[in-house]
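Structural characterization, general
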Amino acid sequence: RLAGRPALRRLDVDGTLAPLAPTPEAARVPDETLRAVEALVRAPHTHVSLVSGRAALDALGKVPVPGLWAVGNHGFETIAPDGTVEVDPLVAPHVPGLRAAAAALAAAAAPWPGARLEDKQLTLTVHYRLAAPEALPALRAAADEEAARHRLVVSEGKTVIELRPPAPVDKGSASLALAVRLGVLESGASVLFAGDDVTDEDGFRALRGATPQAVTIRVGHVPEHGTFAEYLAPTLPEFRELLEWLVAVRG
């Protein structure tokens, strides 16, 4: 299934290409992984796309490889390899609410050392990895309150709470849209999606439902509730080895 052409490789960033770090700014993709991604971009008939909860430009900053697509904010924005930026039109009505919620959540995080708001403009993320455990109920309550006030949606990931517009957009819908755009759902094509977190499950589920040729890989452990991914790469180095193998077999 991975030998088809054209091919699309959709790669999450944090926890898949880069080890999870105490803060988003501290995350770093190892040099050998960057070389593997760069070689994959150069492979014949192959498109490579980052797909991240980060803003698309931030994701590209962590994986500075020319020729990448980048889908950021869980699908709300896309940057093409030529630099063209596309924002989902369903987001615009919710921008004022996001601005108001950002101010309130920053204030809610301030009393808790180690907690912080990451304002990604189109989505908001409260990080509490470095905060005391008792911070979580207060931060979740603040997020729920702002979501109700501004008609936003709350979700949770690995030591994060996120607010986003209630538009029917996620890593799954964004993955399907780009797959259709690049023609990789057609017979004889190839598509791979790899990720490690809750939001990546949307991508696994959508692609597996759209085409039997999709290859979906969960990086890291399988959560208690299971996974929609077909395969498991237990560690980031093992996933990097898979990327290197893909480069070798595709020339």
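Residues numbered from 1 in each chain as written. Predicted model: local features only at pLDDT ≥ 70, side-chain atom pairs only at ≥ 80, totals over all residues. Heavy atoms only, no water.

1. Describing the overall build of the chain
This is how it is decided: To qualify as a helix, a DSSP run of H or I must reach at least 4 residues; to qualify as a strand, a run of E must reach at least 2; elements of each kind are numbered from the N terminus. Values of the radius of gyration come from C-alpha atoms, whereas the globule rule sets the reference at 2.2 Å times the count of residues to the power 0.38. Pairs of residues are marked as contacts when any of their non-hydrogen atoms sit within 4.5 Å. Every accessible area reported is derived by Shrake-Rupley at a probe size of 1.4 Å, with residue values counting cover from the shown protein chains alone. Asp and Glu are treated as the negative residues and Lys and Arg as the positive ones, with His and the ends of the chain left uncounted. For the purpose of locating charges, the reference atoms are NZ of Lys, CZ of Arg, CG of Asp and CD of Glu.
When its secondary structure is counted, the chain shows seven helices and twelve strands. What you see for the chain is a C-alpha radius of gyration of 18 Å, in line with the 18 Å of a compact globule of 251 residues. For the chain, the spread of C-alpha atoms along the three principal axes comes to 55 × 35 × 35 Å. For the chain, restricting intrachain contacts to residue pairs at least 6 apart in sequence, the fraction spanning at least 24 positions comes to 59%. Accessible area for the chain stands at about 10800 Å²; split by element, carbon and sulfur atoms hold 59% of it. Distance between charge centroids for the chain: 3 Å, based on 25 positive and 31 negative side chains.

2. Notes on the layout of surface pockets
Note the threshold: Cavity and pocket criteria rest on a 1 Å grid covering protein atoms alone: a 1.4 Å probe that fits but cannot get out defines a cavity, protein on both sides within 12 Å along at least 5 of 7 lines defines an open pocket, and an atom within 4 Å of a point defines a lining residue. Grid points are joined across faces, edges and corners, and a volume is the space filled by probe spheres set on the points. Residues are grouped as follows: nonpolar covers Ala, Val, Leu, Ile, Met, Phe, Trp, Tyr, Cys and Pro; charged covers Asp, Glu, Lys and Arg; every other residue, Gly included, is treated as polar.
Approximately 230 Å³ is the volume attributed to the largest pocket. Forming the walls of the largest pocket are 15 residues, and the residues nearest its centre are Gly75, Thr78, Glu86, Ala174 and Ala177. Elements that contribute at least two residues to the lining of the largest pocket include exactly β4 (77-79), β5 (85-87) and α5 (171-182). In terms of residue count, α5 provides more of the lining of the largest pocket than any other element does, five residues in total. A breakdown of the residues in the lining of the largest pocket according to their chemical character gives eight nonpolar, three polar and four charged.

3. Examining the sheet that holds strand β9 (residues 160-164)
Stated formally: Pairs of strands are assigned from DSSP output, requiring at least two bridges between the strands. Under this scheme, a helix contributes an axis fitted over its contacting stretch, all axes are lines through C-alpha atoms, and angles between N-to-C directions fall in the 0 to 180 degree range.
The four strands lie next to each other as β6-β7-β9-β8, forming an open sheet whose pairing is antiparallel. Where the open sheet ends on each side, the last strands, each with one partner, are β6 (116-119) and β8 (153-157). When the angles between neighbouring strand axes are averaged without regard to direction, this sheet yields 20°. Two strands pair when backbone bridges link them, and strand β7 (residues 124-127) and β9 are joined in this way by four bridges, in the antiparallel orientation. Across the sheet, the residue bridging to Val126 is Ile161, located in β9. Contacting β7, β8 and β9, helix α4 (residues 135-150) runs over the sheet at an angle of about 5° to β9.

4. What to know about the packing of aromatic side chains
The criterion, for reference: Stacked, tilted and edge-to-face are the three classes applied to pairs of Phe, Tyr and Trp rings, where Trp contributes its six-membered ring and a pair requires centres within 6.5 Å; stacked means planes under 30 degrees apart, edge-to-face means over 60, and tilted covers the rest. A ring is scored as having a charge over it whenever the NZ atom of a lysine or the CZ atom of an arginine sits within 6 Å of its centre and within 35 degrees of its normal.
All chains considered together, the criterion is met by one aromatic pair. Over the aromatic face of Phe228 sits the side chain of Arg205, whose NZ or CZ is 4.8 Å from the ring centroid.

5. Describing the side chain of Lys120
On the secondary structure map, Lys120 appears in the loop between β6 and β7. Excluding anything up to four places from it in sequence, Lys120 contacts Gly53, Arg54, Ala55, Asn73, Thr125 and Glu162.

6. Notes on the pattern of salt bridges
Using the following cut-off: For this analysis, a salt bridge means a side-chain nitrogen from Lys or Arg found within 4 Å of a carboxyl oxygen belonging to Asp or Glu. Relative accessible area decides the class of each residue, using a 1.4 Å probe on protein chains only: under 20% of the type maximum gives buried, over 50% gives exposed, and in between gives partly exposed.
Considering all chains together, one arrives at 21 salt bridges under this definition. As a salt-bridge pair, Asp58 and Arg54 come within 2.9 Å of each other at their nearest N and O atoms. With a relative accessible area of 28%, Asp58 lands in the partly exposed category. Of the charged contacts in the structure, one is a salt bridge between Lys120 and Glu162, with a shortest N-O distance of 3.4 Å. Highlighted residues: Lys120 in the loop between β6 and β7 and Glu162 in strand β9, separated in sequence by 42 residues. As far as burial versus exposure is concerned, Lys120 and Glu162 are alike and both buried. The structure contains a network of salt bridges with shared partners spanning Asp12, Lys171 and Asp200.

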